[in-house]
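Letter by letter, the chains look like this.
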Amino acid sequence: MNRDWHIHSNYSDSNRSIKEIVEIAIKNNLHSIAITDHDSVNNLDEINKIESGQLIIHPGIEISAWDPKIKKEVHILAYQFNIEATNIKAICESTIKQRNEIAYQQISLLHDLNFKITVEEVESKKGNSPCLYKQHILDVLKEKGYTDKIYGDFYKEMFKNGGPCEIKPQLPHIKEVIHSIHEDYGFAILAHPFLSKCETELERYKRYGIDGIETYHSSQTKENIETCNEIAKQFEWLETGGSDNHGNYGNEPEIGSYF
């Protein structure tokens, strides 16, 4: 049974529409997909209306959380939550607001550094997203020839490693995120633990009530997958997998080509 339960759309930081994603999934003979946009479920109305034939589309979300013990950002996938998603929306509201404010700060900083980039140009890349993302900014910079890649040396210099555009939002505590998902009757799944470098904390996350782990992620090695399998069996966790595809805004495998 072919499936891909970790896909992003232009409701967050991918350039692809829901329609395009569905077309690719059908072309690749997938049985089911999940659209897991970052910190937003604004895609639900379109997902519920779109014609997908025999392809099952599961509502989902990837929520950014903070683990103060290890001082790292970790991501929690949520599935099968109720359609109102009241608690999920509430806990993501601040993150979305901050990300938008940060993006405008980054545009201003780049302008001050003599990069010929305007707010209007970046906003034109926004699609259906509730906020601007750094990928929208980098797409414009790429078009203007300042960088040849979304995630190239320019990104590492300017948006990472203490660069002038590295501005991080204050994220909700991981325990609060898990609780909010459960309040909306959803399942909370730890996303790509080895990519997030939180694989040493799985027993603690079990105590927090997490329901499963993303075993099959495009960033994880065979050894990583085997470790996740073992942990899932030990903790009686659900296991999920997906490409984490971001369209042209990422370097991940094509939808349905990984798991």
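Before reading further, recall that the structure is shown in the block above.
Since we're looking at a predicted model, the values are computed, not measured.

1. A few points about the overall build of the protein
Secondary structure summary: the protein contains 10 helices and seven strands in total. Against the globule reference of 18 Å for 259 residues, the protein gives a C-alpha radius of gyration of 18 Å, in line with a compact fold. Taken along the three principal axes of its C-alpha coordinates, the protein extends 55 × 45 × 35 Å. Taken across its 259 residues, the protein has 53% of its residues classed as buried. Intrachain contacts of the protein at a sequence separation of at least 6 include 69% that bridge at least 24 residues. In the form shown here, the protein has an accessible surface area of approximately 12,500 Å², with 46% of it arising from carbon and sulfur atoms. Computed over 28 positive and 41 negative side-chain charges, the separation of the two mean positions in the protein equals 3 Å.

2. Comments concerning helix 1 (residues 18-27)
Three or more residues of helix 1 are buried, namely Ile18, Ile21, Val22, Ile24 and Ala25. Down the axis of helix 1, the sector holding all buried residues measures 165 degrees, keeping them to one side. Facing away from the buried side of helix 1 by over 90 degrees, the exposed positions are Lys19 and Lys27. Contacts from the buried residues of helix 1 go to strand 1 (3-7), strand 2 (32-35), helix 2 (44-49) and strand 3 (56-67). Positive phi shows up at Asn29, right after helix 1, with a value of about 60 degrees.

3. Some remarks on unusual backbone geometry
Positive phi outside glycine occurs at Gln80, with the angle close to 60 degrees. The residue Gln80 is located in the loop between strand 4 (72-79) and helix 3 (86-112) in this model. Non-glycine residue Asn161 carries a positive phi angle of around 55 degrees. As for its placement among the helices and strands, Asn161 is situated in the loop between helix 6 (153-158) and helix 7 (174-183).

4. Quick look at the sheet that holds strand 5 (residues 187-190)
Strands in a sheet are paired, the pairing made by backbone hydrogen bonds, and the direction either parallel or antiparallel. Read from one edge of the open sheet, seven strands run 1-2-3-4-5-6-7, paired in mixed fashion. For this open sheet the edge positions go to strand 1 and strand 7 (238-242), each flanked by a neighbour on one side alone. Looking at each pair of strands side by side, their axes are set apart by 30 degrees on average, direction ignored. Here eight bridges tie strand 3 to strand 4, and the two strands are oriented antiparallel to one another. Of the residues in strand 4, the one forming a bridge with Trp66 is Glu73. The sheet contacts of helix 7 involve strand 3, strand 4 and strand 5, and relative to strand 3 the element is tilted by about 155 degrees. Contacts from helix 10 (residues 222-235) reach strand 6 (212-217) and strand 7, with the element oriented near 155 degrees to strand 6.

5. Some remarks on the pattern of salt bridges
Taken as a whole and assessed by the stated rule, the structure comprises 11 salt bridges. Residue Glu201 pairs with Lys69 through a salt bridge whose shortest N-O separation is 3.5 Å. With Glu201 in the loop between helix 8 (193-196) and helix 9 (202-208) and Lys69 in the loop between strand 3 and strand 4, the pair connects residues that are 132 residues apart, well separated along the chain. Note on Glu201: relative accessible area 9%, which makes it buried. Residue class for Lys69 comes out exposed when judged on its relative accessible area of 55%.

6. Side note on the packing of helix 3 against helix 7
Pairs of packed helices are described in terms of their axes, by the angle between the two and the distance that separates them. Two numbers describe how helix 3 lies on helix 7: the axes approach to 7 Å, and their chain directions differ by 150 degrees. Comparing their axes, helix 7 and helix 3 come out roughly antiparallel. Of the residues in helix 7, those touching helix 3 at Asn87, Ile88 and Ile91 are Glu176, Val177, Ser180, Ile181 and Glu183. Grouping the constituent residues of the contact of helix 3 with helix 7 by class yields four nonpolar, two polar and two charged.

7. Topic: the pairing of strand 3
Taken across its 12 residues, strand 3 has nine buried, putting it largely inside the fold. The pairing of strand 2 with strand 3 spans four bridges and is parallel. Note on strand 3: the bridge partner recorded for Ile33 is Ile57. Connecting the antiparallel pair strand 3 and strand 4 is a turn made up of four residues, with Lys71 showing a positive phi of about 55 degrees.

Conventions adopted
- Residues numbered from 1 in each chain as written.
- Predicted model: local features only at pLDDT ≥ 70, side-chain atom pairs only at ≥ 80, totals over all residues.
- Heavy atoms only, no water.
- Helix = DSSP H or I, 4+ residues; strand = E, 2+ residues; numbered from the N terminus.
- Rg over C-alpha atoms; globule rule 2.2 N^0.38 Å.
- Buried < 20%, exposed > 50% of the residue type's maximum accessible area, 1.4 Å probe, protein only.
- Contact = heavy atoms within 4.5 Å.
- Areas by Shrake-Rupley, 256 points an atom, 1.4 Å probe, with all protein chains shown as cover.
- Lys, Arg positive; Asp, Glu negative; His and termini not counted.
- Charge placed at Lys NZ, Arg CZ, Asp CG, Glu CD.
- Arc of directions from axis to C-beta.
- Pairing = 2+ DSSP bridges.
- Axes fitted to C-alpha atoms, helices over the stretch in contact; angles between N-to-C directions.
- Salt bridge = Lys/Arg side-chain N within 4 Å of Asp/Glu carboxyl O.
- Parallel < 35°, antiparallel > 145°, perpendicular 65-115°, else oblique.
- Nonpolar A, V, L, I, M, F, W, Y, C, P; charged D, E, K, R; others polar.

From the geometry alone we can't say anything about function, so treat these as descriptive.
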